[in-house]
Each structure stands twice: as C-alpha cells, then as structure tokens.
Amino acid sequence: QVGLIGGISLIVGTIIGSGIFISPKGVFQNAGSVGAGLLIWFACGLLSTFGALCYAELGTMIPKSGGEFPILLEAFGPIPAYLFAWTAAVILKPSSLCLLSLTFAKYALTPAYGNCDSVPELSTKFVAASLILLVVFINCFSVKLSTKVVTFFGVGKILSLVIIIIAGIVRLCQGYTENFQNSFEGPTPGIREITMAFYQGLWAFDGWNQLNYVVEELKNPYKTLPRALIASLFIVTGLYLLTNVSYFTVLSLDNLLQSPAVASSFGSVVLGFMVWIIPLSVAASVFGTCIGSCFTAGRISYAAAREGHFNQVLAMIHVQRYTPAPAVVLNVKTDFSIPYINFNTGTCIFNIILLFYKNFDYISTKIPKCCSFLQGLIALLMVIPNDFDSLVNYYSFATWAFYFATSITVLYFRYKMPDRHRPVKVPIFVPIIFSASALCLVVAPIVDNPEIQYLVAVLTMLFGLVFYFPFVHFKVK
C-alpha cells in the first residue's frame, strides 16, 4: 500500500526530525570552523546517499521487510542477524522513539512556558507518554493512516525548513555575510573530532534506510525503493545545507555553540513576535519522525519473529488491520520505562498486555518471562549516557557497526552470487567507499580516544547472546 510519494514521505519524514535543529552545534563544535562544518554536512549527505544506494541493491535483491535483518541472515547466518534484531528492536528503536517523544514534549510546551528551560519535567514526561500512546495506536490501526500522517507532517516539516531557508536568503541579500568571511579559520580537528562531527551530522541523516524495513509493503518495490531513496537524500541534503547556511546569517560560530536550541535562537532574531513558529515546527517535525520510526521499528521484531528469532507472537498480523500490532506494542513497554526511569511502569504496562493476551490461549504460554526483568535492565542502560551528545555518539557507534556489516554484504554477494538477479546494481566503488567509511567511523574513535561508552555499546549488543543460545539455538521453552 506504500507508493513512491508515500515512500519518499516516509524517508524524509523519518530523517528530518530534531537533528537539524539540534545537531548543528555538535557538528560545528567538533569541526572547529564554519567552512569545515559545512563540508562535513555535505559529506554526511553524500555518505548517506552511498549507503542508500547499497541498500537499494540489497533491498531489491532480497525483497523482505526487516531492514538489515534478512540481509545479515542470508549473508552471515542467524547470530549476526539476531544481534541486529536484538540491538535495534530492544535498545535502539524504542529508546530513539522515547527520546523523540521527549523532544516533542519539550518543544510543544515551549510556547506555553516561554522557553525550553522553563518547561516542568513532569509535564514533559506526561506529554511524551501521551504521544507514545498516540503513535503506537496510529501504527497499530492502519498502514494507510500511518503513511498519510507521515506524508502530512513530512510536508509540514519541509515547510518549516523552507521558512528558515527563505529568511536566510533574505538575510544574505541584505548583506549579512560576515560569518562566512575566513570561514576556515579555527582549530584543526583531529581524527576523534572529525568522527564525532560525523556522528552528530549522520544522526541528523539517520533514517535513510527506513524503506528497507517495509519492502514487502511497497507498490512495485523494484522501482519504488531506489527512486524513493535517491529522491529523499537529494531533498534532505539540499535542505540541510541551506538551513545551516541560513543559521550563520544570524548567528556567529560562537553564538551557535552557546545556543541551547539553534533554531529557536535563529527564530528569536528573525521572526520577532512570530518566534513561536519555530518550536511548534520542531514539535510537528518530531511527531512525523515518531510515526515513521515506530512504523519501521515494528517490522524488525516482526521479521525476526517470523524467522523464529523472537517470540512468535511478534510475527502475528492483526486480522482486520493487517498491521504487525504485537511487534509495534513491544515498543511501548521499553519507551515508558525510559522517560520515567521506573521499573514498575514498564512492568505494569507489560502485565496489562499479558493479561489481555491471556484471553487467547494460543499465545498466552509463548511470551517469555524475562521481559519484565528486561524492563529495568534496559532503563538502567539508557541512563548511562548523561547528555545529548554522548547519547548520539553511543547509538551512532552501534548503528554504524551494523551499517558496516550490512554494506559489506554487497561485496560478499557480488563474489559469492555473481549471477543472482539484481534489479538495481550500483557501481562497485559505492559499497567500497561506504564500507570503508563505516569501518572508520566505528574504529577511529576507539583507537584515538577509548571511552567507556563504546565498551558499553559493544557489551549491549553482545548481551543478546544470553537470550539467543537458550531460546533460539537450543529452543528452550
């Protein structure tokens, strides 16, 4: 039911979230200068495009939903595929949805309280929890409704960026170009600083692979998938570059680095009494991203369960709505535990779901008893990164480890299966460059400056083996 426009909207709607409004500070802080920062933004767009091309070949060659899961399963076997599904479905996707929900709440409440810093924590959590319920309901209710909502807010978030871009062009025409003079003056970034800048920028581009999670739900996937990927990346890269240029028509590099919310600081100078447009635009942008993120997250659990890697209840489809409702609901239990940092909240939500499912004897005995314990464990793991930048670096490290593993399968399949039908075949230099870049992003920060967050990321991924061997490999019931 997802066509070309819906696919483009899903990718653009998922990529453009809070990143372009928050990440510029991290990119330019590590880049050291305006010119170097803009080059890194362009390089992030180019690298994401190369990744999208690799995924277009893989997604049309293996047209199965679940993103990296079916690709890693066919290339390297069950353990790498399971570790990806574990990391994505239990850690990355739910926590990402939670952080997006908290960002939405913060910006949505800003007009009522004057600024982001004045918003009460309890109000933020309440709105975030309500948003999660709404997002999960929409994704469980209808595939068509999900794509329509993503399309609507995708248009809205592009319009919000267009407002910033138009204001920036007007400022450039008025002669506000002093922040671009000597744009490469500043400290020379080292390997670690360049890697951290890429982490921040690529986090803003994260979502370019979302259509691979729903390949089976695309109309004519062989044509829709590559066209939607390429079109989306061109749109997003252009918008991001123009938006960053617009920021510097108002803010100097020092002002941008000192700003807690770059877009709000820009709006307070340019929009005057209409400054409330910016936080509401950010909130709308993040809402669309939440819908898209949840839409694809459920497909990972669904795909893994269909292969017997997750509990089979997660492979079930709603008989009327044709949505993977149990897999989508899985996100709720994790998400609620994070904003409240509370063992009992997630456990209670899970027990309510369990009581509901006990009315259906075909699944009541299938749900693993360890899920309640995982609630507190996941909540504790999510507390480890204590600020936005460290959280982005933590998850970017894990994400790019799997991007590397997936991208090298292009080369692996070219060698092992040269005659296999490939509706889309990219030039060989594309997967080579992307794989090498992904490997550098994983290895460089560890070599240059080892930190505990990278060890935590590795241990978190490997922790899935604790459940894989008894429940998947040995099939303990």
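Note that this is a predicted model, so its numbers are computed, not measured.

J.: Can you help me understand the overall build of the chain in this one?
T.: Summing up its helical and strand segments, the chain has 19 helices and 0 strands in all. Each of the 477 residues in the chain was classed as buried or not, and the buried ones make up 57%. Contacts in the chain between residues at least 24 apart in sequence constitute 81% of all its contacts with a sequence separation of at least 6. Carbon and sulfur atoms make up 67% of the accessible area of the chain, which totals about 19500 Å².

J.: What exactly am I supposed to notice about the packing of aromatic side chains here?
T.: Under the definition given, this model contains 22 aromatic pairs. On the basis of an interplanar angle of 45° and a centroid distance of 4.8 Å, the ring pair of tryptophan 208 and tyrosine 403 is categorised as tilted. With tryptophan 208 in the loop between helix H8 (191-205) and helix H9 (221-247) and tyrosine 403 in helix H16 (residues 388-416), this pair connects stretches of sequence that are 195 residues apart. Like tryptophan 208, the residue tyrosine 403 is buried in the burial classification. Aromatic side chains tryptophan 400 and tyrosine 403 sit 4.9 Å apart centroid to centroid with 85° between the ring planes, which places their arrangement in the edge-to-face category. Within this pair, tryptophan 400 and its partner tyrosine 403 are both found in helix H16, separated by 3 residues, close to a single helical turn. Residue tyrosine 403 is classed as buried on the basis of its relative accessible area of 3%. Among the aromatic side chains, those forming a connected cluster through ring pairs are Tyr55, Trp208, Trp400, Tyr403 and Phe434. In this structure, arginine 171 packs its charged tip against the face of tyrosine 176, placed 3.7 Å from the ring centre.

J.: Which parts of the structure should I look at to understand the pattern of salt bridges?
T.: A side chain with one charge can pair with a side chain of the opposite charge if their charged atoms come near. Scanning the model with the defined rule gives 3 salt bridges in all. Across the salt bridge formed by glutamate 57 and arginine 414, the nearest N and O atoms sit 2.8 Å from each other. Residue glutamate 57 is located in helix H3 (residues 34-61), and its partner arginine 414 is located in helix H16; the two are separated by 357 residues in the primary sequence. By relative accessible area, which is 16% here, arginine 414 ends up buried. Here arginine 422 makes a salt bridge to glutamate 57, at a shortest N to O gap of 3.4 Å. With arginine 422 in the loop between H16 and helix H17 (429-448) and glutamate 57 in helix H3, this pair connects stretches of sequence that are 365 residues apart.

J.: So what exactly am I meant to see when it comes to the nonpolar core here?
T.: Side chains of nonpolar character tend, in soluble globular proteins, to be buried together. Core analysis: the largest hydrophobic core is formed by 125 residues, its most contacted members being Tyr240 and Trp400. Among the elements that make up this core, the one with the highest residue count is helix H5 (residues 78-113) (15 residues). Discounting residues that sit within four places of it in the chain, tyrosine 240 has contacts with Ile15, Ile16, Ile20, Trp41, Ala204 and Phe205.

J.: Where do I start with the UniProt feature "transmembrane region" (unreviewed entry) in the chain in this structure?
T.: Using the residue numbers shown here, the UniProt feature "transmembrane region" (unreviewed entry) corresponds to residues 6-24, 36-62, 151-173, 228-250, 270-297, 394-414, 426-446 and 452-471. For the annotated span residues 6-24, helix accounts for 84% and strand for 0% of the residues, and the straight-line distance between the end C-alpha atoms is 28 Å. Structurally, residues 36-62 comprises 96% helix and 0% strand, and the distance from its first C-alpha atom to its last is 38 Å.

J.: Help me understand the environment of glutamine 200 in this model?
T.: Mapped onto the secondary structure, glutamine 200 falls in helix H8. Under the relative-accessibility criterion, glutamine 200 is labelled buried at 2%. Taking the C-alpha atoms as reference points, glutamine 200 and serine 23, 177 residues apart in sequence, are found 5.6 Å from one another.

J.: I'm lost on the environment of valine 149 in this one. Help?
T.: Assignment of secondary structure puts valine 149 in helix H7 (residues 143-173). Judged by relative accessible area, which is 14%, valine 149 ranks as buried. Residues valine 149 and glycine 288 lie 139 residues apart in sequence; the distance between their C-alpha atoms is 7.1 Å. Those residues in contact with valine 149 that sit more than four places away from it in its chain are Ile138, Phe287 and Ile291.

Definitions and limits used
Residues numbered from 1 in each chain as written. Predicted model: local features only at pLDDT ≥ 70, side-chain atom pairs only at ≥ 80, totals over all residues. Heavy atoms only, no water. Helix = DSSP H or I, 4+ residues; strand = E, 2+ residues; numbered from the N terminus. Buried < 20%, exposed > 50% of the residue type's maximum accessible area, 1.4 Å probe, protein only. Contact = heavy atoms within 4.5 Å. Areas by Shrake-Rupley, 256 points an atom, 1.4 Å probe, with all protein chains shown as cover. Phe/Tyr/Trp six-rings, centres within 6.5 Å; stacked < 30°, edge-to-face > 60°. Lys NZ or Arg CZ within 6 Å of the ring centre and 35° of its normal. Salt bridge = Lys/Arg side-chain N within 4 Å of Asp/Glu carboxyl O. Core = buried A, V, L, I, M, F, W, Y, C linked by side-chain atoms within 4.5 Å. UniProt positions renumbered as here; feature names shortened; annotations may be inferred.

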